[in-house]
Amino acid sequence: MRVVVQRVRQATVSVDGRVVGEIGRGLLALAGFAPTDTPAVVDWMSAKLAGLRLFPDDEGKLNRSVLEIGGEVLVVSQFTLYGDASRGRRPSFVAAAPPDLAIPLYQHFLAALGRHQVPVESGQFGADMQVALINDGPVTLILERDQG
């Protein structure tokens with residue numbers, strides 16, 4: 001599982017001109033899944049994301065999590081995180097989980113974040129989405145967890 005996390009002041013995701021997910025201060029998480037990912041991997045990632053200290057304390061040090069600041073998380077599925085452009089000019093996406101595997105993992109991720117008491121909004125799996133954000137910092141991390 002791969003997640004690109006951005007600290008945001010606000011973020012929205014729209015489908016066909018209609019906002020389907022919107023948050024204020026918090027984290028935008030672009031999530032991709034591999035065919036070998038399991039619910040255990042997704043649980044690990046949800047705990048990591050909920051507790052990740054990406055927000056400043058009173059001294060300006062990154063010591064607070066999204067939970068501690070009362071923030072939200074917007075999760076957007078993005079299979080292109082598993083794109084491989086090492087050969088040729090057209091990326092290959094064979095390393096990404098197909099929808100029949102990825103959709104349950106994506107839904108599990110949303111539910112797992114909710115179990116950590118994180119307010120969660122989401123995009124629409126498989127849709128052509130437009131994501132708008134105001135990046136805060138900017139602060140961006142790439143998180144990855146393998147089955148093995």
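Residues numbered from 1 in each chain as written. Predicted model: local features only at pLDDT ≥ 70, side-chain atom pairs only at ≥ 80, totals over all residues. Heavy atoms only, no water.

How do you make sense of the layout of surface pockets when you look at a structure like this?
To find the voids left in a structure, one rolls a probe of water-molecule size over its atoms. Size it by volume and the largest pocket reaches roughly 330 Å³. Considering each element in turn, the lining of the largest pocket owes the most residues, 3 residues, to strand E3 (residues 26-32). Here the lining of the largest pocket is composed, by residue class, of 14 nonpolar, 5 polar and no charged. (1 Å grid on protein atoms, 1.4 Å probe; cavity = no way out; pocket = protein on both sides within 12 Å on 5 of 7 lines; lining within 4 Å. Points joined across faces, edges and corners; volume = space filled by probe spheres on them. Helix = DSSP H or I, 4+ residues; strand = E, 2+ residues; numbered from the N terminus. Nonpolar A, V, L, I, M, F, W, Y, C, P; charged D, E, K, R; others polar.)

Even after reading the chapter, I still don't get the side chain of Gln-6, so can you show me in this structure?
Here Gln-6 lies in strand E1 (residues 2-15). When residues no more than four places from it in sequence are discounted, the contact partners of Gln-6 are Gly-26, Leu-27, Leu-28, Leu-133, Asn-135, Val-139 and Thr-140. (Contact = heavy atoms within 4.5 Å.)

Sorry if this is basic, but what is going on with the pattern of salt bridges here?
Oppositely charged side chains can form a pair if their charged atoms are brought close together. Under the definition given, this model contains 5 salt bridges. Note that Arg-7 is salt-bridged to Asp-136, the shortest N-O span being 3.5 Å. In this pair, Arg-7 sits in strand E1 while Asp-136 sits in strand E8 (residues 129-144), placing the two residues 129 residues apart along the sequence. On the basis of relative accessible area, Asp-136 is assigned to the buried category, the value being 11%. A salt bridge links Asp-58 to Arg-64; the shortest N-O distance between them is 3.6 Å. We classify Arg-64 as partly exposed; its relative accessible area is 29%. Connected through salt bridges with shared partners, the residues Arg-7, Arg-9 and Asp-136 form a single ionic network. (Salt bridge = Lys/Arg side-chain N within 4 Å of Asp/Glu carboxyl O. Buried < 20%, exposed > 50% of the residue type's maximum accessible area, 1.4 Å probe, protein only.)

Would you mind going over the packing of aromatic side chains with me for this structure?
In this description, a pair of aromatic rings is defined by centroid distance and the angle of the planes. Counted under the stated rule, the structure contains 2 aromatic pairs. With centroids separated by 5.1 Å and ring planes inclined at 70°, the aromatic side chains of Phe-79 and Phe-93 adopt a geometry described as edge-to-face. Pair noted here: Phe-79 is in the loop between strand E6 (72-77) and helix H2 (99-115) and Phe-93 is in the loop between E6 and H2, with a separation of 14 residues, a long-range link. Looking at Phe-93, the relative accessible area reads 31%, which means it is partly exposed. Seen in terms of ring centroids, Tyr-106 and Phe-125 are 5.6 Å apart; in terms of plane orientation they differ by 55°. Their pairing is tilted. (Phe/Tyr/Trp six-rings, centres within 6.5 Å; stacked < 30°, edge-to-face > 60°.)

Any chance you could explain the nonpolar core here in plain terms?
Nonpolar side chains in soluble globular proteins generally cluster together in the buried interior. The biggest cluster of nonpolar side chains holds 29 residues, and the ones touching the most others in it are Met-1, Val-3, Phe-33, Leu-49, Val-73, Val-75 and Phe-109. At the level of elements, E1, E3, helix H1 (39-51), strand E4 (53-56), E6, H2 and E8 are the ones that each hand at least two residues to this core. Here this core gets 6 residues from one element, more than from any other, and that element is H2. With sequence-adjacent residues up to four places away left out, Phe-33 is seen in contact with Met-1, Val-42, Tyr-82, Ala-95, Ala-96, Ala-97, Ala-102, Leu-105, Tyr-106 and Phe-109. (Core = buried A, V, L, I, M, F, W, Y, C linked by side-chain atoms within 4.5 Å.)

Would you mind going over the environment of Asn-135 with me for this structure?
Inspection of the secondary structure assignment puts Asn-135 in strand E8. Its relative accessible area of 27% is what places Asn-135 among the partly exposed residues. For Asn-135, the residues in contact, after removing those within four places along its chain, are Gln-6, Arg-7, Val-8 and Thr-140. A distance of 3.4 Å separates a polar atom in the side chain of Asn-135 from the backbone nitrogen of Val-139. (Polar contact = N/O pair within 3.5 Å; in protein donor to acceptor, adjacent residues only side chain to side chain.)

Is there a simple way to think about H2 in this case?
Residues lying three or four places apart along an α-helix face the same way, a consequence of the helix completing one turn every 3.6 residues. Compared with the 24 Å implied by 1.5 Å per residue over 17 residues, the 24 Å span of H2 between its first and last C-alpha is a close match. Ala-102, Leu-105, Tyr-106, Phe-109, Leu-110, Ala-112 and Leu-113 are the residues of H2 that are buried. Down the axis, H2 shows its buried residues gathered within 165° of arc, on one side only. Counted as exposed and oriented over 90 degrees from the buried face of H2: Asp-100 and Arg-115. Residues of H2 that are buried sit in contact with E1, E3, H1, E6 and strand E7 (120-122). (Expected span 1.5 Å × (residues − 1). Arc of directions from axis to C-beta.)

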